[in-house]
Structures are given as structure tokens and as C-alpha cells.
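Report on the structure
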Amino acid sequence: MTDEIRRGLPAPPALGAAALPSGTFEGQVVLVTGGGTGLGKAIAAEFARLGADLVIASRRAEQLKAAREELAAVPGAGRVTAAVCDIRDPERVAEVFDAAQAAFGLPDVLVNNAAANFPSPAEDLSPNAWRAVVDITLTGTWLMTREFGRRHLAAGTGGSIVNIGASYAWTGGPGFAHSAAAKAGVKSLVETLAVEWGPYGIQINGLVPGLVPHADMTEDIRGGLERAAPGAGDARQPALRVGAPRELGWAATFLASPYARFITGHTLVVDGANWQRRSVVNPEVVPVRTQLGRGPFTPSP
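Summarised in this report is the structure supplied together with it. (Residues numbered from 1 in each chain as written. Predicted model: local features only at pLDDT ≥ 70, side-chain atom pairs only at ≥ 80, totals over all residues. Heavy atoms only, no water.)

With that out of the way, let us pick up the overall build of the chain. For the chain, the helix and strand inventory stands at nine helices and seven strands. The buried share of the chain, reckoned over its 301 residues, is 46%. Sequence-distant contacts, at least 24 apart, represent 78% of the contacts inside the chain between residues at least 6 apart. Working note: accessible area of the chain is about 15100 Å², and carbon and sulfur atoms make up 55% of it. (Helix = DSSP H or I, 4+ residues; strand = E, 2+ residues; numbered from the N terminus. Buried < 20%, exposed > 50% of the residue type's maximum accessible area, 1.4 Å probe, protein only. Contact = heavy atoms within 4.5 Å. Areas by Shrake-Rupley, 256 points an atom, 1.4 Å probe, with all protein chains shown as cover.)

Rendered as C-alpha cells:
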């Protein structure tokens, strides 16, 4: 009997390729939260490649400075500016939009990428830990979305919002109760506001990344991935490979582009089918505490 041939999904085009016509976003302003690092920066790069004027926002000025220089050097990029912002604070959120309008004009596209996350058994989460993740991931996304919507409604203009989500908004996320709850809220915002704001020309969609390694992954997340699949490489992915950051960027630019104007209220999962069930019989259940290398639960005094 011959061995089964498994090829997996093809590799993406090389970095620098564009998914849309050159200049698709010329004359448009794109605001990306969490745009100073990781997937947010990768998404911003693809908008830059298509001619957008970029506003990247983050809490850390030093990361923004480096990212601004990197994004300004992307071939085809428009103008790039950066703004320090804590998206949990509505006053700071308003200031970011004020700065964007003063520099380039009211943003045409908002990408809500900023989030917080770390693995933990649910019983170990303190109230502060819960709030830290939910306030950034859900409340921060809402505050940015609300400010974008209010300004466009007042101006009588349309726009596009892309919220970065997570597949455990559908499935639940053992080990990530705080983040899963927050991302479920983000998904619900997409579906709710698509109906409320569609009549005014504002579309809103979600975008879910799969396993897309990048240099800015936290040690907690990186360590969790290594514990979950030590030495397994790409074999645990149905695609037999992980994602590339630019693939998420291409999807984001499409959802916000003129070619996707009739798509709204949808959440697109870009993960090579990794979130789908892939076993005929479910594997043995391993408690989250065991998976994370935690000892027995001991209540705090």
C-alpha cells in the first residue's frame, strides 16, 4: 500500500505582492489600532502598499516610532502618522480622531486590531485580570467604533470598519475565558452595527486570524503554542502550514475595499480551516490546568 500523499495548501505569493489594484486606497485615510507591532502592523502595511494615508495608534510611543518609519518605506505608501492612545479612555479615543482629521482628514477605514490576552484557567482570573482584557478587547473596540460611527453620521459620509476577532467567539476558548467572552462581544457588534449603520453607508465586518506567528507574539502565547504542539510544526494544521501576516492584511484590504461594499455584518475566518473539527472521534479531554502546566487549584486567602 502506497503512502498517502499530503501537500497542504499552497504558500501565499511573496511579500510585496498586492491583492488589489495599485492605488486602491489612494486618497483614503486608514486608522489601525495596535498598528505598531505584529498583525496590526502587517495589516497597515498592506493598506500602505495600496496608497492609503495611515494613522497607526498604540499605547507605546517607541513602537510607534519604529513602525511609522517602516510603514512609510513600503512601496506605494501614502503619508504615515502615529498617535499614542489608550483605547479604554473615551477622551483619548476622541483625541486620536482629532489628530487624524487634523493630519489627513476623517478616517475612511478603521481597523480595530488592538487587544489584550494571556492564557489562564478561568478560576485563576482575578477581577482585575478580567477587566484588563475585556476593557481593551471589547470596550476599547466599542469606543473606537462608536467614535468612527458618530463622526461619519454627523458628516453624512460612509466608511468601513474591520474588527479583528477570534474563532473562539463561536466555539468558546478553554484557557481564554476572558478573551473569548470579549471577542464574542466584538462579533456581536459587527452583526448589530451592520444593520444599524448600513442605511448610512457604514459597513462593518470581522476578520479572524488563525495561527499566524510573528515576532511580536507574547511569551505566554508563544509558550502555550509550544506546549500544545511540541515539535509538531505544521502537521497540526489542516493546511499543513501556518499563516503569513500578509495574508491577513490582504483579507483586511479586500473587506474595506470598493470591491466588498455589499459585504457587511460578516466575519471572515482566515485560518486554513484550523478552527474546524478534524477528528472522527474527539480526543481525550485534558483539563486546562494540566495543559497550562498549573498545579491543583488553591483559593487565594
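Tracing the chain through its elements places T137 in helix α4 (residues 127–155). For T137, a relative accessible area of 1% translates into the label buried. Side-chain polar atoms of T137 contact the backbone nitrogen of A116, separated by 3.2 Å. For T137, the residues in contact, after removing those within four places along its chain, are A115, A116, A182, K183 and V186. (Polar contact = N/O pair within 3.5 Å; in protein donor to acceptor, adjacent residues only side chain to side chain.)

This next bit is on the packing of aromatic side chains. Overall, the coordinates contain three aromatic pairs when judged by the stated rule. Judged by centre distance (4.9 Å) and plane angle (70°), the rings of F25 and F47 are edge-to-face. Here F25, found in the segment before β1 (29–33), pairs with F47, found in helix α1 (residues 38–49); they are 22 residues apart in sequence, far enough to count as distant. Each member of the pair, F25 together with F47, is buried. Taking 4.8 Å as the distance between ring centres and 40° as the angle between the ring planes, the aromatic pair formed by W170 and W275 counts as tilted. (Phe/Tyr/Trp six-rings, centres within 6.5 Å; stacked < 30°, edge-to-face > 60°.)

This paragraph deals with the sheet that holds strand β6 (residues 202–209). Across the sheet, seven strands lie side by side as β3-β2-β1-β4-β5-β6-β7; this open sheet has parallel pairing. In this open sheet, the two edge strands, each paired with only one partner strand, are β3 (80–84) and β7 (267–270). On average, adjacent strands in this sheet sit at an angle of 20° to one another, irrespective of strand direction. Where strand β4 (residues 109–112) and strand β5 (residues 159–164) come together, four bridges link them in parallel fashion. Bridge assignment links V109 to a residue of β5, and that residue is S160. This element, α1, spans β1, β2 (53–58), β4, β5 and β6 of the sheet and lies at about 170° to β2. Here helix α3 (residues 90–103) sits on the sheet and contacts β1, β2 and β3; the angle it forms with β3, its principal contact strand, is near 160°. (Pairing = 2+ DSSP bridges. Axes fitted to C-alpha atoms, helices over the stretch in contact; angles between N-to-C directions.)

Look at α1 against helix α8 (residues 245–255): their axes get within 8 Å of each other, and the N-to-C directions meet at 55°. Considering their axes alone, α1 and α8 lie oblique with respect to each other. Crossing hand, α1 versus α8: right-handed. Across the interface between the two elements, L39, A42, I43, E46 and F47 of α1 pack against P245, R246, L248, G249, W250, A252 and T253 of α8. Class assignment for the residues of the contact of α1 with α8 results in eight nonpolar, two polar and two charged. (Parallel < 35°, antiparallel > 145°, perpendicular 65-115°, else oblique. Left-handed = near helix turned anticlockwise from the far one by under 90°. Nonpolar A, V, L, I, M, F, W, Y, C, P; charged D, E, K, R; others polar.)

Once that is clear, we can look at the pattern of salt bridges. With the rule as written, the count across this model stands at 15 salt bridges. The residue D98 makes a salt bridge to R151 at a minimum N-O spacing of 2.9 Å. Remark: R151 occurs in helix α4 and D98 occurs in helix α3; sequence separation between them is 53 residues. D98 gets classed as partly exposed once you look at its relative accessible area, which sits at 42%. Of the residues examined, R151 reaches a relative accessible area of 17% and is grouped as buried. Beyond isolated ion pairs, a larger network of salt bridges with shared partners links D89, E91, R92 and E95. (Salt bridge = Lys/Arg side-chain N within 4 Å of Asp/Glu carboxyl O.)

One finds F25, V30, F47, L54, V111 and L207 to be the most contacted residues of the largest nonpolar core, which totals 30 residues. With six residues, α1 is the largest single contributor of residues to this core. Each residue touching V111, except ones within four places of it in the same chain, is listed here: V30, L31, V32, T33, I43, F47, V162 and I164. In this structure, A83, F148, A194 and I202 belong to the second largest nonpolar core, which totals 28 residues. (Core = buried A, V, L, I, M, F, W, Y, C linked by side-chain atoms within 4.5 Å.)

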